[in-house]
Amino acid sequence: MSDPMMPDFLKLALYMLIVFYSNVVQALTGFAGVMLSIPPLILLYGPDTAKGVINILSWLICLLIAWQNRQYTQWKQVRHIVLYMFAGMMLGIFLYRHIDASFLVPFYGLIIVCVALKNLFLKPQDRPLPEWIYTLVLFGAGIIHGMFVSGGALLVIYLAAKFKDKYLFRANVASVWCIVNLLLIGADFQKGIYTAQFFKMTALGLIPLALALWTGNKIHRRINQTAFRRVTYILLLAAGSSILL
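Keep in mind that what you see is a predicted model, and the values were worked out from it rather than measured.

### Structural notes on the state of the cysteines
Part 1 of the argument: A full pass over the atoms with the stated rule returns 0 disulfides.
Part 2 of the argument: Looking at C178, it has no disulfide partner, and the nearest cysteine sulfur is the one in C62, 5.4 Å off.

### Re a nonpolar patch on the surface
Part 1 of the argument: A cluster of nonpolar side chains, namely F9, L10, L14, L17 and Y21, defines an oily patch on the protein surface of about 480 Å² accessible area.
Part 2 of the argument: Inspection of the secondary structure assignment puts F9 in helix 1 (residues 8-29).

### Describing the side chain of Q77
Part 1 of the argument: Relative to the helices and strands, Q77 is located in helix 4 (residues 75-98).
Part 2 of the argument: On the accessibility criterion, Q77 (18% relative accessible area) is buried.
Part 3 of the argument: Ignoring anything within four residues of it in the chain, the contact list for Q77 reads Y158, K162 and F163.

### Some details on helix 4
Along an α-helix, a turn takes 3.6 residues, which lines up residues three or four apart on a common side.
Part 1 of the argument: When the terminal C-alpha atoms of helix 4 are compared, their 35 Å separation across 24 residues agrees well with the 34 Å that a helix rising 1.5 Å per residue should span.
Part 2 of the argument: Of the positions making up helix 4, those classed as buried are Q77, V78, I81, V82, M85, G88, M89 and G92.

### Considerations on the packing of aromatic side chains
Part 1 of the argument: According to the stated counting rule, one finds 8 aromatic pairs in the structure shown.
Part 2 of the argument: Arranged with centres 4.3 Å apart and planes meeting at 20°, the rings of Y194 and F198 form a pair that is stacked.
Part 3 of the argument: Following the ring pairs from residue to residue traces out a cluster consisting of F189, Y194, F198 and F199.
Part 4 of the argument: The lysine or arginine in question, R70, covers the ring of W67, its NZ or CZ lying 3.8 Å from the ring centre.

### Concerning empty space enclosed by the protein
The rolling of a water-molecule-sized probe over the atoms marks out the regions of remaining empty space.
Part 1 of the argument: Per the counting criterion, the structure on display carries 2 cavities of 30 Å³ or more.
Part 2 of the argument: Size it by volume and the largest cavity reaches roughly 50 Å³.
Part 3 of the argument: Every residue lining the largest cavity is listed: A160, F163, K164, D165, F169, Q225, F228, R229, T232 and Y233.
Part 4 of the argument: Here the lining of the largest cavity gets 5 residues from one element, more than from any other, and that element is helix 10 (residues 225-244).
Part 5 of the argument: Class assignment for the residues of the lining of the largest cavity results in 5 nonpolar, 2 polar and 3 charged.
Part 6 of the argument: Together, N23, Q26, G33, V34, S37, I54, L57 and S58 line the second largest cavity.
Part 7 of the argument: Breaking the lining of the second largest cavity down by element, the ones donating at least two residues are helix 1, helix 2 (33-45) and helix 3 (47-68).
Part 8 of the argument: Considering only residue class, the lining of the second largest cavity consists of 3 nonpolar, 5 polar and no charged.

About the cut-offs
Residues numbered from 1 in each chain as written. Predicted model: local features only at pLDDT ≥ 70, side-chain atom pairs only at ≥ 80, totals over all residues. Heavy atoms only, no water. Disulfide = S-S within 2.5 Å. Patch = residues over 30% accessible without salt bridge, like charges linked within 9 Å, V, L, I, M, F, W, Y side chains within 5 Å. Areas by Shrake-Rupley, 256 points an atom, 1.4 Å probe, with all protein chains shown as cover. Salt bridge = Lys/Arg side-chain N within 4 Å of Asp/Glu carboxyl O. Helix = DSSP H or I, 4+ residues; strand = E, 2+ residues; numbered from the N terminus. Buried < 20%, exposed > 50% of the residue type's maximum accessible area, 1.4 Å probe, protein only. Contact = heavy atoms within 4.5 Å. Expected span 1.5 Å × (residues − 1). Phe/Tyr/Trp six-rings, centres within 6.5 Å; stacked < 30°, edge-to-face > 60°. Lys NZ or Arg CZ within 6 Å of the ring centre and 35° of its normal. 1 Å grid on protein atoms, 1.4 Å probe; cavity = no way out; pocket = protein on both sides within 12 Å on 5 of 7 lines; lining within 4 Å. Points joined across faces, edges and corners; volume = space filled by probe spheres on them. Nonpolar A, V, L, I, M, F, W, Y, C, P; charged D, E, K, R; others polar.

What is shown is where atoms sit, not what they do.
Printed below as a string of structure tokens:
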């Protein structure tokens, strides 16, 4: 539920600040903007408006990142990812409608925390895991995304293993979200979320979004590869911990 006691100008200022800082991270890494922005915006405006606006703004910034870095996009890999994620999402949507799958959430968070801690504090292995494990990770990302709209952390685990270069990682994760988020936008449209307030907030959000893209790009060019990977796994750790709490 949104807070009716907060003045509108303060809510708007907080909204624009949240859009800015979350999308600086999104522009820097290609992910995590939704994870950072959805919780506080739900408190300000309620779940439907918050999710609808953030889905659109996230799609826009991912589209811009993908276009700016299109020379790094490996479309064969993107098609492979989207295929397995879509298959998993269809199963996840079915499961969400027919079973109480809330027991999966702590297990999902624990996997993310363990992977993040391993990559932060242990030396990475030179030998890659078997390909079938990576396929299961992608399929699992789709299932979780179809059920809880939060499968991005598993997708990042896959992409971080496949793309060691920061430019490749960001370009490909942004390209995947451009495609996958179209399903969420279509679902929001069917729910009737696109109201006058939605369009007003989306238009106002374009200002901090543009500033965030510029800021995130500058940081991305200056940050070294090691620091970029640490930021990626710290964000994963934050995502997994928030699920467990």
